[in-house]
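So you can see what is in the structure, the chains are spelled out below.
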Amino acid sequence: MECIVPCRVACFTLVVGVFGLASEVDAQTVADIAARGACSTAGLEGISRQLADSQTCMRPGQFVRFAPHPRISLSSSRVHPYLQASARDAIHRVADGGTNLTINSAFRTVADQYVLYHSGGCGLAATPGNSNHQSGRAVDVGSYSSVRSALEGAGCAWLGSRDPVHFDCPGSDLRSDAVLTFQRLWNANNPGDRIAEDGAYGPQTESRLGRTPASGFADDLCAPTCEAHCEGDTIVDAECGRGECGAFGATCADDSLGVRCVSVFCPAMGEADVCLDETQRAHCSDGALAEPTECAGGTTCAGEGECIMESMPGVDMGPAADAGIGPADDGSTRDASVGVDSGSLTGPGFDTATGGCSCRVDGPPNADGLWLLAAFALLAFRRRRLR
Ligand SMILES: [Zn+2]
């Protein structure tokens, strides 16, 4: 175990160090992006995605994806394809009815809204936290005149000529949650400058939002979540951490026992004793390799992880010598490299000839087998989240 932890700490430190360096170089703030005066959220991708992810984490199920859909296209990769389910259902009814929709904007974070509001080039944009885009129930569409009647028919209200691309679809008022998400994220990253977590957009919140790094904060509001799975020999855990099973002589297994690293010496399931080489043996439990033990002097590991006496010159093993090996109980054939030759077999005849010793011998771990301990340690792999 001791040989694993320092390596992982070193890797962790290296990764954090690289990310930290990157964020220092990219020091643009949300206010800097707004000061360009362009009606665009380009450059805001980092904090915008972090806020959207944080709100999804804070309010699971509050928003649902409305794209991809064969008749819905997004005008930019910066469009968050999320709406309340009721709003999603409305625009899907329109699209399913044969109308192609181009969505220029749907859910917006308060950082998106800050930039649009303060850019000066966007015409009408509500103050951050006051737009129905923060509720995930508004959409801005392309070619609004050709899709207006279909959207209105699905329950989406046209805002009118002062903002003709904007439609408010069925849904509840969730605007304060978008503000609250920012307030919590700010406080998590600025414990010395906490602001009220009240979901209200006031001067305190606005000043912090302007000073927020456009690339996002170092810490997320909560850990990203993943469905644990294997990617080849790489294991990905529920916190989206990744580890290389293959680097420690293991493969990644995803079966009814879960996702885990399985030693190449072990069956993925069940109990087994195995030989690691000619002198070391270990116990396998559902793919996990226990601490290996060394066969005592004069014995070698053979068959199903047994330490047996080496052959003695001149002793006639007899035909019964074959009794000790062959196909294992599970029908698999043992690797020849860990087998033994016909002169060193255990079995009834051999036991009798040597005084009855078929010799299961437990010994201390061999220093040469430390990498196997590393493999053993890896089986309890639980990756720490990186940020
Ligand atoms: Zn709009």
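Since the structure is predicted, the reported quantities are computational estimates derived from the model, not experimental observations.

Student: Please provide a residue-by-residue account of the overall build of the protein chain, values included.
Tutor: Helix and strand counts for the protein chain stand at ten helices and 18 strands. Within the protein chain, buried positions represent 35% of all 387 residues. Within the protein chain, contacts between residues separated by at least 24 positions form 63% of all contacts whose residues are at least 6 apart in sequence.

Student: Lay out the pairing of strand 11 (residues 250-255) with the relevant residues and their values.
Tutor: Of the pairings in the sheet, the one linking strand 11 to strand 12 (residues 258-263) comprises six bridges and is antiparallel in character. In the sheet register, Thr251 faces strand 12, and the bridge partner there is Val262.

Student: Residues and numbers for the packing of helix 7 (residues 175-189) against helix 8 (residues 203-211), please.
Tutor: Look at helix 7 against helix 8: their axes get within 11 Å of each other, and the N-to-C directions meet at 65 degrees. Here helix 7 is positioned roughly perpendicular relative to helix 8, judged by the angle of their axes. In the packing of helix 7 onto helix 8, the handedness of the crossing is left-handed. Contacts between helix 7 and helix 8 involve Val179, Phe182, Gln183 and Trp186 on the former and, on the latter, Thr205, Arg208 and Leu209. Looking at the contact of helix 7 with helix 8, its residues break down into four nonpolar, two polar and one charged.

Student: Lay out the confidence of the model for the protein chain with the relevant residues and their values.
Tutor: With 72% of its residues at a pLDDT of at least 70, the protein chain reaches an overall mean of 77. Overall, residues 1-25 carries pLDDT values under 50, and its contacts beyond four positions in sequence, including any with other chains, amount to eleven contacts. Confidence drops under pLDDT 50 across residues 313-387; counting only partners more than four residues distant or on other chains, this segment forms 125 contacts.

Student: Got a sec to walk through the nonpolar core? Specific residues and values, please.
Tutor: Counting residues in hydrophobic clusters, the biggest one holds 49 residues, and the most contacted among them are Val30, Ile91 and Ala111. At six residues, helix 7 tops the list of elements feeding residues into this core. If we ignore the near neighbours within four places in the chain, the residues touching Val30 are Leu44, Ile47, Ala111, Tyr114, Val115, Leu209, Gly210, Thr212 and Ala214. Ala250, Phe265, Leu276 and Leu289 belong to the second largest nonpolar core, which has 22 residues in total.

Rules and cut-offs
- Residues numbered from 1 in each chain as written.
- Predicted model: local features only at pLDDT ≥ 70, side-chain atom pairs only at ≥ 80, totals over all residues.
- Helix = DSSP H or I, 4+ residues; strand = E, 2+ residues; numbered from the N terminus.
- Buried ≥ 20, exposed ≤ 12 C-beta atoms within 10 Å, placed from the backbone.
- Contact = placed C-beta atoms within 7 Å.
- Pairing = 2+ DSSP bridges.
- Axes fitted to C-alpha atoms, helices over the stretch in contact; angles between N-to-C directions.
- Parallel < 35°, antiparallel > 145°, perpendicular 65-115°, else oblique.
- Left-handed = near helix turned anticlockwise from the far one by under 90°.
- Nonpolar A, V, L, I, M, F, W, Y, C, P; charged D, E, K, R; others polar.
- pLDDT = per-residue confidence, 0-100.
- Core = buried A, V, L, I, M, F, W, Y, C linked by C-beta atoms within 7 Å.

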